[in-house]
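A closer look at the structure
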Amino acid sequence: MDQETRSIETELAIVGTGMAGIAASAFAVNRGISSALTGNTGALAYTTGYLDLLGFHDGHFIKDPWEGITDLATTAPGHPLATLEPDRVRAAFTEFTSFLSDIGIGYTNPGPNNLRAFTPAGTIKPTLCVPATMAKGVEALRSKPSCTIFGFHGLKGFSANQITSNLRENWGSLTPKTITFPGHNRGELYAEVAARSLEVSENRKLLAQILKSEAGLSTCIGLPALLGMHAPDAVLEDLETLTGLDIFEIPTMPPSVPGFRLREIIEQTLPAKGMHLIPQQRVKSISFPQDDVRLQLADNFGPIEIKAQSIVLATGRFLSGGLEARFDHITEPLLGLPVHQPDSRRDWYQHEYLDSRGHAVHLAGINTDAQLRPLQSDGTIFDERLFSAGIVLAHQDWIRQRCGAGVAIATAYEAVEAAHRLLRR
Amino acid sequence: MATFETEVLIIGGGVTGAGIMRDLALRGIHCILVEKRDLCAGASGGNHGLLHSGSRYVSNDIQSARECRSEGAILKKTAAQCIEETGGLFVSVTGDDEEFGHRFPEYCRSTQIDCEEISIAESRTMEPMLSPDLVKIYQVPDATVDPFRLALQNVAHATALNNSRYIPHCEILLFETADNTVTSAICRNSQSGQSITIKAHQFVNAGGGWAMNIAAMAGCDDVSLLWSKGTLLVSHDRLTARVINRLRPPSDGDILVPGGTVSILGTTSVRTENIDDVRPTVEEVNENVLQGMAMMPILATTRYIRAFSRVRPLVQSAGQDDDRSVARSFSLFDHHHVRTNFCTITGGKLTTFRLMAEKTADLVAARLGNDEPCTTHTTVLPDAQGCQWTEPGASPRYCYTSKDPDDMILCECEMVPQSAITQVLSSSPGAGQDMNLESIALRTRAGKGSCQGSFCGIRITSYLYDTGFYKDIQGLYHMRDFFNERFKGMRSVIWGQQMAQMELAEALHCGLLGLENLDNHSEKGKE
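Only a predicted model underlies this, so the values are computations on that prediction, with no experimental measurement involved.

Parameters and conventions
Starting afresh in each chain, residues are numbered from 1 along the sequence in its written order. All chains are assigned letters beginning at A, and all ligands numbers beginning at 1, according to the order in which they are written. At least 70 in pLDDT is required for a residue's local features to be given in this predicted model, at least 80 for side-chain atom pairs to be given and counted, and no such filter applies to totals for whole chains, interfaces and linings, which use all residues. Put simply, DSSP H or I for four residues or longer makes a helix, DSSP E for two residues or longer makes a strand, and each gets a number counted from the N terminus. As a reference, a globule follows 2.2 Å times the number of residues to the power 0.38, and the radius of gyration itself is taken over C-alpha atoms. Put simply, a residue is buried when 20 or more other C-beta atoms lie within 10 Å of its own C-beta and exposed when 12 or fewer do; between those, it is partly exposed, and each C-beta is set from the backbone. Our contact criterion uses C-beta atoms placed from the backbone: two residues qualify when those atoms are within 7 Å. Strand pairing is defined by DSSP finding a minimum of two bridges between the two strands. Each axis is a line fitted through C-alpha atoms, and for a helix only the stretch in contact is used; angles between axes span 0 to 180 degrees, taken between their N-to-C directions. A crossing counts as left-handed when the near helix is turned anticlockwise from the far one by less than a right angle, and as right-handed when that turn is clockwise. Bear in mind that the domain bounds are from an automatic or database domain assignment. As used here, the arc belongs to the directions running from the helix axis to the C-beta atoms. Roughly parallel covers angles under 35 degrees, roughly antiparallel covers those over 145, roughly perpendicular covers 65 to 115, and oblique covers all other angles. Amino acid classes used here: Ala, Val, Leu, Ile, Met, Phe, Trp, Tyr, Cys and Pro are nonpolar; Asp, Glu, Lys and Arg are charged; the rest, including Gly, are polar.

**Comments concerning the overall build of chain A**
Scanning chain A for helices and strands turns up ten helices and 19 strands. Taken over the C-alpha trace, chain A has a radius of gyration of 22 Å; the compact-globule value for 425 residues is 22 Å, and the two agree within 12%. Its C-alpha atoms give chain A principal-axis dimensions of about 70 × 50 × 40 Å. Within chain A, the fraction of its 425 residues that count as buried is 53%. Expressed as a percentage of contacts within chain A between residues at least 6 apart in sequence, the contacts between residues at least 24 apart total 69%.

The structure is reproduced here in structure tokens:
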């Protein structure tokens with residue numbers, strides 16, 4: 001049976017549902033730009049919820065990320081953050097965290113310095129903004145109050161003992177406790193299932209009772225990130241009221257609840273703000289005729305064509321399919337854009353995994369002009385309607401530099417601003 | 001400083017050392033086996049896992065061919081749990097030396113190895129992935145063997161027989177001698193730093209590639225080795241039911257061996273002087289793929305999850321240029337002019353390890369005045385606790401039958417449950433507090449799947465903190481070292497889906513957990 005192609009007309013098509021894609025959607029919504037967001041599943045489920053700007057450079061912990069990105073102009077001049085005004089990056093972060101807070105996932109605002117936040121291994125991660133549910137963890141790491149870290153029987157990869165064993169050296173009153181999640185009898189406990197169950201107030205009461213009786217003299221408790229899915233701030237507040245304790249969440253191993261929260265809240269709220277959402281579908285092809293940019297894709301109901309006036313490519317790297325590693329070279333599969341990369345596969349990785357210099361393959365990616373328009377091999381722009389954002393961009397190492405969200409949010413901001421100027425021209 | 005006494009100290013925990021330990025224990029002789037790293041750390045663990053029918057050597061090394069034929073038959077009876085009787089094919093493609101192909105059945109006949117010609121049509125039903133350009137196909141009785149399980153069970157059996165002891169992470173620093181005998185070995189435990197003195201009546205050097213250096217430490221200069229580095233690739237999926245050999249004189253990338261759920265392609269062969277830090281290179285990986293795709297085109301596009309290299313010792317004699325033409329047979333040095341209670345066994349191959357152990361144990365037993373005969377050719381190798389988890393099917397089978405929801409699966413690629421980890425830590429050979437993730441990975445399938453341990457390394461570590469095995473930052477160091485070690489085998493095969501896998505792993509290990517900055521961890525804790 002032939003299915004009719006459905007057509008969507010929009011001002012801005014956003015390809016990619018990772019951090020850069022949802023940030024671009026938020027910026028488009030705020031500017032009254034009509035948009036369509038599409039792309040395959042995306043790597044959002046792998047986020048901890050922390051929003052890094054720049055946490056490490058040359059193997060050193062960065063205290064002031066604003067100074068850090070200014071320094072990139074000399075130490076890593078091609079870095080996507082190197083050429084951006086710190087004030088504009090701050091504006092991007094503030095706008096994005098406010099947006100998320102408004103739609104239901106509270107976030108701290110960007111401060112002058114990096115925060116020091118918990119990891120599930122009991123190490124410390126530098127980051128710029130954290131979900132409101134994790135804010136008291138940052139404060140606890142600083143002030144070291146009497147604190148119990150709770151784990152749950154059956155929750156793999158999260159050990160309260162591990163966290164306290166590695167932090168107790170300077171924090172004598174830190175205690176581990178492993179408890180049974182209310183209603184969970186045997187076997188594996190899935191964080192996502194537990195999070196959804198805590199949306200029910202009866203379950204919160206049961207959990208609060210256990211926490212209160214097990215917390216001993218602690219005034220503050222840390223739990224794995226599973227306190228609610230759609231209204232985590234309200235779940236946390238209720239648990240604090242019921243227990244009389246300060247509570248914070250600690251990220252779990254990905255894929256994790258904070259990532260699901262972001263994805264679900266975006267999917268729930270943005271369509272009401274006028275954004276077309278075609279989730280979990282891979283764009284098959286993009287063409288650039290005179291009148292509009294055309295994206296071909298399909299969902300269960302048949303083919304879809306998006307006709308857009310402009311497009312942001314936020315397709316991510318290897319994990320999300322924005323880049324592909326062939327036997328001997330790296331490609332950008334959707335448009336065939338030239339990819340900045342090492343000469344040979346020999347040079348992709350250092351010999352030692354944890355070499356502090358990082359691996360050259362992570363610096364591979366798309367080259368753009370100052371307006372984030374991808375360049376062809378002759379140095380000219382591919383099309384004036386095509387912009388690119390996020391970690392698909394070259395010359396940054398989001399993993400080692402802890403700059404993934406920073407690159408995503410700041411470049412999405414600039415790309416949408418540039419698209420906005422083009423659209424209103 | 002700890003002191004141990006035994007009748008025989010065996011140095012080197014390869015499959016030969018493990019085999020000697022069991023052979024001697026069966027004769028009622030107590031032994032201690034020491035190993036610088038852990039079981040099968042050298043060539044024993046770095047090969048195809050091919051139980052040779054002997055046909056590979058019929059054209060250039062008749063003695064090895066015969067030894068393989070008879071030893072293969074013995075092991076299929078006595079160590080069946082470590083062996084899969086896959087059968088093997090020799091295949092030639094257009095352009096291969098046709099003369100060699102024609103002579104092959106005659107070679108096999110002269111060494112009494114079964115060899116049957118198969119039609120091209122029939123071979124396609126047997127192995128659909130074979131090249132469309134086949135010329136000749138012969139079927140031979142090749143099989144596969146799991147060297148890790150083999151070594152573990154030999155050690156476990158020896159321990160069960162007479163309390164013979166295996167000590168991993170135990171490096172020989174020097175030998176103490178008196179007149180023309182060795183009296184004791186001074187060792188160091190590389191995990192704890194503890195010094196260990198081992199007194200023995202007899203000393204056996206089963207150091208494989210390191211045998212020359214160990215012999216020299218005892219004052220014996222008559223062992224002269226060359227080293228050949230080989231690199232092999234592990235595919236994500238099993239590509240064939242049988243062993244596939246290229247029907248040509250031995251060369252690069254010409255054997256593909258199934259190993260449970262994967263296939264192993266190799267090898268390259270180059271001379272090396274470096275025996276302690278051998279790693280696969282991108283060039284060696286490319287060469288294997290390039291050569292292998294002639295007989296199996298799918299090797300060009302298949303997903304590889306790992307490569308590994310090993311150094312094979314070749315006992316030197318004059319005038320050999322090509323390492324593949326050096327006889328694969330083993331050498332037993334009795335060193336009787338220099339040390340009357342010290343001997344060295346080296347060379348040889350996995351398939352003939354039992355024979356090597358027998359000849360060595362015969363010498364040692366005679367020197368001890370023990371006249372019990374060797375019984376390893378008839379005594380069936382029993383199963384033992386903590387040794388069965390290296391088999392790909394063992395963990396899933398256990399999980400399906402035990403039906404214990406609380407026994408959670410920590411390695412999701414290979415379905416390794418908590419109880420397997422607990423059992424390995426408590427009762428497998430080498431069990432104890434100085435085990436780490438690498439010890440666990442050697443004794444189970446953890447880390448052998450597509451994620452190569454990047455997820456289960458984290459889950460197992462968390463589990464071990466919860467059980468109290470780890471109490472401080474040691475668990476994080478072990479986790480970091482494990483990922484470093486796994487990476488050595490991944491680096492040269494990272495493309496395609498493995499690139500996405502690797503990107504996620506590094507995001508987790510560095511981006512989230514900060515393992516590359518662990519040395520500054522406590523300093524940061526103080527702020």
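**Points about the pairing of strand 12 (residues 195-205) of chain B**
Residues and elements named next belong to chain B. In terms of strand pairing, strand 1 (residues 2-11) meets strand 12 through nine bridges, oriented parallel. The partner of Val8 across the bridge, within strand 12, is Gln202. Here strand 11 (residues 181-189) pairs with strand 12 via five bridges, running antiparallel. Note that in strand 12 the partner of Cys187 across the bridge is Ile196. If you look at the hairpin formed by strand 11 and strand 12, you'll find five residues sitting between the two strands, and Gly193 has a positive phi there, around 80 degrees. Summarising the sheet, strand 12 and strand 20 (residues 342-347) pair through three bridges and their orientation is parallel. What sits directly across from Val204, in strand 20, is Cys343.

**Description of the sheet that holds strand 3 (residues 50-51) of chain B**
All names here are of chain B. Spatial ordering of the open sheet is given by 3-8-4, a layout of three strands whose pairing is antiparallel. Pairing within the sheet leaves two strands with one partner each, and these edge strands are strand 3 and strand 4 (83-84). Two strands pair when backbone bridges link them, and strand 4 and strand 8 (residues 143-145) are joined in this way by two bridges, in the antiparallel orientation. When the bridges of strand 8 are listed, Glu84 appears paired with Thr144. The sheet strands contacting helix 2 (residues 62-78) are strand 3, strand 4 and strand 8, and the helix crosses strand 8 at an angle near 65 degrees.

**Re the packing of helix 1 (residues 19-30) of chain A against helix 10 (residues 404-423) of chain A**
All names here are of chain A. Where helix 1 contacts helix 10, the axes come no closer than 8 Å and their chain directions differ by 35 degrees. The two elements helix 1 and helix 10 cross, and the hand of that crossing is right-handed. Of the residues in helix 10, those touching helix 1 at Met19, Ala20, Ala23, Ala24, Phe27 and Ala28 are Gly404, Ala405, Ala408, Ile409, Thr411, Ala412, Tyr413, Ala415 and Val416.

**Describing the domain arrangement of chain B**
All names here are of chain B. Its domain assignment divides chain B into domain 1 (2-43 + 147-224 + 328-368), domain 2 (82-144 + 226-314) and domain 3 (388-526). The C-alpha centroid of domain 2 is placed 32 Å from the C-alpha centroid of domain 1. With eleven residues of domain 1 at the interface, the matching set in domain 2 holds eight residues. Among the secondary structure elements, those contributing two or more residues to the side of domain 1 that touches domain 2 are helix 5 (147-162) and strand 20.

**Thoughts on helix 4 (residues 135-143) of chain A**
Residues and elements named next belong to chain A. Lys136, Gly137, Ala140 and Leu141 are the residues of helix 4 that are buried. Buried residues of helix 4 fall within an arc of 145 degrees about the axis and therefore sit on the same side. Exposed and oriented more than 90 degrees from the buried face of helix 4 are Arg142 and Ser143. Lining the buried residues of helix 4 we find strand 5 (115-118), strand 6 (124-127), strand 7 (147-152), strand 9 (220-224) and strand 10 (246-250). Just past helix 4, the residue Lys144 takes up positive phi, approximately 45 degrees.

**Concerning the sheet that holds strand 8 (residues 174-179) of chain A**
All names here are of chain A. Within the open sheet, the four strands sit side by side as 8-7-9-10. Their pairing is parallel. Two strands close off the open sheet at either side, each with one partner strand: strand 8 and strand 10. Sheet twist, expressed as the average angle between the axes of neighbouring strands with direction ignored, equals 25 degrees. By the bridge criterion, three bridges tie strand 7 to strand 9 in an arrangement that is parallel. Within strand 9, the position partnered with Cys147 by the bridge is Cys220.

**What about the packing of helix 7 (residues 201-214) of chain A against helix 8 (residues 232-243) of chain A?**
Residue and element names in this part refer to chain A. Helix 8 packs onto helix 7 with a crossing angle of 45 degrees between their chain directions and a minimal axis gap of 9 Å. Between helix 7 and helix 8, the interaxial angle falls into the category oblique. Helix-helix and strand crossings are classified by hand; for helix 7 and helix 8 the assignment is right-handed. Of helix 8, the residues touching helix 7 (which contributes Ser201, Arg204, Lys205, Leu207, Ala208, Leu211 and Lys212) are Val235, Asp238, Leu239, Leu242 and Thr243. Considering only residue class, the contact of helix 7 with helix 8 consists of six nonpolar, two polar and four charged.

**Re the interface of chain B and chain A**
With 43 residues of chain B in contact, the opposing surface of chain A contributes 43 residues. Of all elements in the fold, only helix 12 (456-466), helix 13 (474-490), helix 14 (497-512) and helix 15 (521-526) of chain B reach the threshold of two or more residues within the side of chain B that touches chain A. Looking at the side of chain B that touches chain A element by element, the count peaks at ten residues for helix 14 of chain B. For the side of chain B that touches chain A, the class distribution of residues is 22 nonpolar, nine polar and twelve charged.

**Re the domain arrangement of chain A**
Residues and elements named next belong to chain A. Here chain A is described as being made up of domain 1 (6-105 + 260-423) and domain 2 (120-250). Residue-level contacts link 18 residues of domain 1 with 14 residues of domain 2. Listed by contribution, the elements that provide at least two residues to the side of domain 1 that touches domain 2 are helix 3 (86-103) and helix 9 (257-269). When grouped by side-chain class, the residues that make up the side of domain 1 that touches domain 2 number ten nonpolar, four polar and four charged.

**Details of the pairing of strand 14 (residues 302-313) of chain A**
Residue and element names in this part refer to chain A. Of the strand pairs in this sheet, strand 1 (residues 6-15) and strand 14 are connected by nine bridges, and their pairing is parallel. Across the sheet, residue Glu9 finds its bridge partner in strand 14, namely Lys307. Judged from the seven bridges that link them, strand 13 (residues 293-299) and strand 14 form a sheet pairing that is antiparallel. Bridging from a neighbouring strand, Arg294 pairs with Lys307 of strand 14. Between strand 13 and the antiparallel strand that follows it, strand 14, lie two residues. As judged from the three bridges shared by strand 14 and strand 19 (residues 386-388), these two strands associate in the parallel manner. Across the sheet, Leu313 pairs through a bridge with Ser388, a residue of strand 19.

**Remarks on the environment of Leu515 of chain B**
Mapped onto the elements of the fold, Leu515 of chain B is located in the loop between helix 14 and helix 15. In this structure, the C-alpha to C-alpha distance between Leu515 of chain B and Arg480 of chain B, residues 35 residues apart in sequence, is 6.1 Å. Sequence-distant contacts of Leu515 of chain B, defined by excluding residues within four places in its chain, comprise Leu354 of chain A together with Met479, Arg480, Phe483, His509 and Cys510 of chain B.

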